[in-house]
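Here is how the chains run, residue by residue.
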Amino acid sequence: MEMVGEARLEAAREVVWEALNDPAVLQASIPGCESLESTAKNEFTATVVSRVGPIKARFAGKVSLSNIAPPRSYTLTGEGSGGAAGFARADIEVSLDALEPTVTLLRYGVKANVGGKLAQLGSRMIDAAARKSADDFFELFRKQVDGRASDSTSLSAAQPAGMHAFMQELSVPVAEVATVEAPAATPAAAAAPAAANAKASTLEAAPTPTVPERAAAPRDIPAQPAPVLTPVSQVPAAEAQAEVMDVLTSEKIKVWISDQVAVVTLNRPGSRNAMTYGMWLAMPSIMAALDRNPEVRAVILTGAGADFCAGADIAEFEQVRADVAQATTYEVAVDACCDAIVNISKPTVAVLRGYCLGGGAHLAMSCDFRFAGQDAMMGIPAARLSIIYGVKGTRKLLSLVGLSEAKKILYGGQRFDATHALRIGFVDQVAGLGVVASGRSFWERLIGAKQQVAKSDPMAEARAFATSLAGNAPLTMAGAKYLLNGMAMGTGALDLVRSEALIAAAAASEDYREGRAAFGEKRSPKFQGR
Ligand code: COA
């Protein structure tokens, strides 16, 4: 009999590992375990009362731990004799993935054999009993671990040391903020990651964002290309620095590095992780630091709580994006943020749960891959605010979903779910999709085994994927990323000046004011096309 399964535990991996090695926890978790006593290092004797179908027996035997790789995996082998009932042996491979600082995915694979009378019961009955035992074990184990997780000492001891060092590095100077004309992937970041990694260990003082001159006459859209753009205004460096520091110290964006994978979490769940201006500004610093860090081989971008990101923080638009000049400055920061995600030389995966809207969709599209939960809801509601989605975001959308779907998304402003997103190519994978929940057998129903439902954790799938990439050649991936991004995001014959003028005209429009007001007043906007 073979069986695999997984359990999501709300505890740090170190806490779960400790519990898996604690005889008292194991005894309390193994259904029917009457005793579990240590006889030697990683060896125990055990007595377990178990029922399989009509046969109930007391099994006496031994339990041993092997292939121990702390704090990630071991093999637990249990074998015992139930006298006249027969004998049983199970080899259980257990592995732990740290999904978040206090969330661990426990995966297990069981290979079991029975002999004697038990073997005559038939495989369906034995399978059902084994599955119920596994369910019961993890239910009981979860209770033990949850108890431990609430112990603040264990929790703080389990915090990854890497995070502290990372925050220290970031807390010095700030952002390499891209200029408006930054290419989709810069050779410095992608083609020569070794050079990027060899940079000084602290961030250089930030060049400040630049604002192009084309914002000057928003309604006067030029029919012909205008002269080459030059920066005319700047966000003061001190202001940008203060914004970034606020984001980091208030943890609006959190970074956690574990097993060579960095998880960057947008952390404003009360506002569905809407991006503030400061968050757009801070991201380039974070990406630059992760790019330099040789311990990091892949990056996951996700949102805290139920959502990925509901886009730009509209609530602060009145302060930071109310007129054309501000809107242009704002879009520079958005582009710089997304460019930084595109340009990091390491593979990036966006984990999308709940809402992924507007600027949130741009963040997701800036990653190399998108793994969605079945509850994910995507959309670009720019047409509800009288905003023209930026050139870079539109280009990424086109590249992912093709012309017709891109138009449907941008004209319609409709939200679309994970299944649709998978069909049109907006996401690469939907967690658990295609895994049909297996119906329970007669025996499973009889003994009350819980249904084996399809697993639906995009973070677990993304982490497994990112970990698999982390073992591959960084230079190959960086080079391929640079080439492919450059090819996919080429500007072609697009008149950038006219594009930006259209965007600026929308930012100056009455409709844009109306869109903001309607959002604030929680009503439908009334647009007039001016
Ligand atoms: N900016 C600022 N705040 C936002 C936000 C955004 N983009 N999206 C959600 N929020 C806030 C809401 O204002 C609300 O705050 P409140 O509790 O103080 O009122 C909170 O997050 C929860 O959102 P709410 O609207 O109550 O949840 P909902 O389930 O009814 O709707 C959304 C969720 C995402 C569909 C809806 O909030 C929405 O349409 N947001 C705007 C999305 C958007 O247009 N993004 C593109 C921006 S360019």
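Residues numbered from 1 in each chain as written. Predicted model: local features only at pLDDT ≥ 70, side-chain atom pairs only at ≥ 80, totals over all residues. Heavy atoms only, no water.

A.B. asks: Help me understand the overall build of the chain in this model?
C.D. replies: Each helix and strand counted, the chain has 19 helices and 18 strands in total. Taken over 530 residues, the chain has a buried fraction of 48%. When the accessible surface of the chain is split by element, carbon and sulfur atoms take 56% of a total near 23400 Å². (Helix = DSSP H or I, 4+ residues; strand = E, 2+ residues; numbered from the N terminus. Buried < 20%, exposed > 50% of the residue type's maximum accessible area, 1.4 Å probe, protein only. Areas by Shrake-Rupley, 256 points an atom, 1.4 Å probe, with all protein chains shown as cover.)

A.B. asks: Sorry if this is basic, but what is going on with the sheet that holds strand β4 (residues 55-69) here?
C.D. replies: Strand pairing in a sheet relies on backbone hydrogen bonds. The paired strands run either parallel or antiparallel. As summarised here, the arrangement of the seven strands in space is β1-β7-β6-β5-β4-β3-β2, forming an open sheet in which the pairing is antiparallel. A single partner strand is all that each edge strand has here, and the edge strands are β1 (2-9) and β2 (33-40). Each neighbouring strand pair of the sheet contributes to a mean axis angle of 25°, computed without reference to strand direction. With eight bridges connecting them, β1 and strand β7 (residues 103-115) associate as antiparallel partners. Counted as the bridge partner of Ala-7 is Leu-106 from β7. Where helix α1 (residues 13-20) meets the sheet, its contacts fall on β1, β4, β5 (73-81), β6 (87-100) and β7, and the angle it forms with β6 comes to roughly 165°. (Pairing = 2+ DSSP bridges. Axes fitted to C-alpha atoms, helices over the stretch in contact; angles between N-to-C directions. Contact = heavy atoms within 4.5 Å.)

A.B. asks: Looking at this model, I keep getting lost on the nonpolar core. Mind explaining?
C.D. replies: Among soluble globular proteins, nonpolar side chains are generally buried collectively. In this structure, Val-264, Trp-280, Leu-290, Leu-352, Leu-363 and Phe-426 are the most contacted members of the largest nonpolar core, which totals 64 residues. In terms of residue count, helix α8 (residues 277-292) provides more of this core than any other element does, nine residues in total. (Core = buried A, V, L, I, M, F, W, Y, C linked by side-chain atoms within 4.5 Å.)

A.B. asks: Before we go on, may I ask you to explain the site of the ligand in this structure?
C.D. replies: Taken together, 16 residues are adjacent to the ligand, and Arg-272, Ala-310, Ala-312, Asp-313 and Ile-314 come closest. A distance of 3.5 Å is found between an oxygen atom of the ligand and a backbone nitrogen or oxygen belonging to Gly-270. The side chain of Arg-272 places a nitrogen or oxygen atom 2.9 Å from an oxygen atom of the ligand. Notes on the ligand: free accessible area 850 Å², of which the protein chains cover 65%. Of the residues belonging to the shell around the ligand, the class tally is ten nonpolar, two polar and four charged. (Near = heavy atom within 4 Å. Polar contact = N/O pair within 3.5 Å; in protein donor to acceptor, adjacent residues only side chain to side chain. Nonpolar A, V, L, I, M, F, W, Y, C, P; charged D, E, K, R; others polar.)

A.B. asks: What's the story with the packing of aromatic side chains in this structure? I'm lost.
C.D. replies: This structure, assessed with the given rule, holds ten aromatic pairs. When the ring of Phe-317 is compared with that of Tyr-512, the centres are 6.3 Å apart and the planes differ by 55°; the resulting orientation is tilted. Here Tyr-512 lies in helix α19 (residues 510-520) and Phe-317 lies in helix α9 (residues 317-320), a separation of 195 residues in the sequence. Grouping residues by exposure puts Phe-317 and Tyr-512 together as buried. Ring pairs connect the aromatic residues Tyr-108, Phe-137, Phe-138 and Phe-141, which therefore count as one cluster. Above the plane of the ring of Phe-317 lies Arg-321, whose end atom (NZ or CZ) is 5.4 Å from the centre. For Arg-516, the ring lying beneath its charged end belongs to Tyr-512, and the centroid distance is 4.3 Å. (Phe/Tyr/Trp six-rings, centres within 6.5 Å; stacked < 30°, edge-to-face > 60°. Lys NZ or Arg CZ within 6 Å of the ring centre and 35° of its normal.)

A.B. asks: Could you clarify how one ought to interpret helix α11 (residues 359-366) in this entry?
C.D. replies: Within an α-helix, residues lying three or four positions from one another point in the same direction, as the helix has 3.6 residues per turn. Within α11, eight of the eight residues are buried, which leaves the element mostly enclosed by the surrounding structure. Among the residues of α11, Gly-359, Gly-360, Ala-361, His-362, Leu-363, Ala-364, Met-365 and Ser-366 are the ones counted as buried.

A.B. asks: Would you mind showing me how to read the environment of Gly-515 here?
C.D. replies: With respect to the helices and strands, the residue Gly-515 is situated in helix α19. Beyond its immediate stretch of four places on either side in the chain, Gly-515 contacts Arg-384, Leu-385, Pro-525 and Phe-527.

A.B. asks: Even after reading the chapter, I still don't get unusual backbone geometry, so can you show me in this structure?
C.D. replies: Most peptide bonds take the trans configuration, and most residues that are not glycine carry a negative phi. For the bond from Pro-70 to Pro-71, the omega torsion is -5°, close enough to zero to count as cis. Inspection of the secondary structure puts Pro-71 in the loop between β4 and β5. We note that Asn-273 has phi near 60°; this positive angle belongs to a residue other than glycine. Following the sequence through the fold, Asn-273 ends up in the loop between β11 (261-266) and α8. Positive phi, normally seen in glycine, also occurs at Lys-522, with a value near 55°. Here Lys-522 lies in the segment after α19. Looking at Lys-522, the relative accessible area reads 78%, which means it is exposed.

A.B. asks: Just checking my understanding: could you explain the pattern of salt bridges for this structure?
C.D. replies: With the rule as written, the count across this model stands at 25 salt bridges. Ionic pairing is found between Asp-339 and Lys-392, a salt bridge with its closest N-O pair at 2.7 Å. Placement of Asp-339 in helix α10 (residues 324-343) and of Lys-392 in helix α12 (residues 391-401) is noted, with a sequence separation of 53 residues between them. Relative accessible area serves as the criterion here: at 2%, Asp-339 is assigned to the buried category. Its salt-bridge partner being Arg-353, residue Asp-457 comes within 3.6 Å of it at the nearest N-O pair. Here the residue Asp-457 occupies a position in the loop between α15 (442-447) and α16 (458-470), and Arg-353 occupies one in the loop between β13 (348-352) and β14 (355-357), the gap between them amounting to 104 residues. Its relative accessible area of 10% is what places Asp-457 among the buried residues. Where salt bridges share partners, they join Arg-8, Glu-10, Glu-100, Arg-353 and Asp-457 into one cluster. (Salt bridge = Lys/Arg side-chain N within 4 Å of Asp/Glu carboxyl O.)

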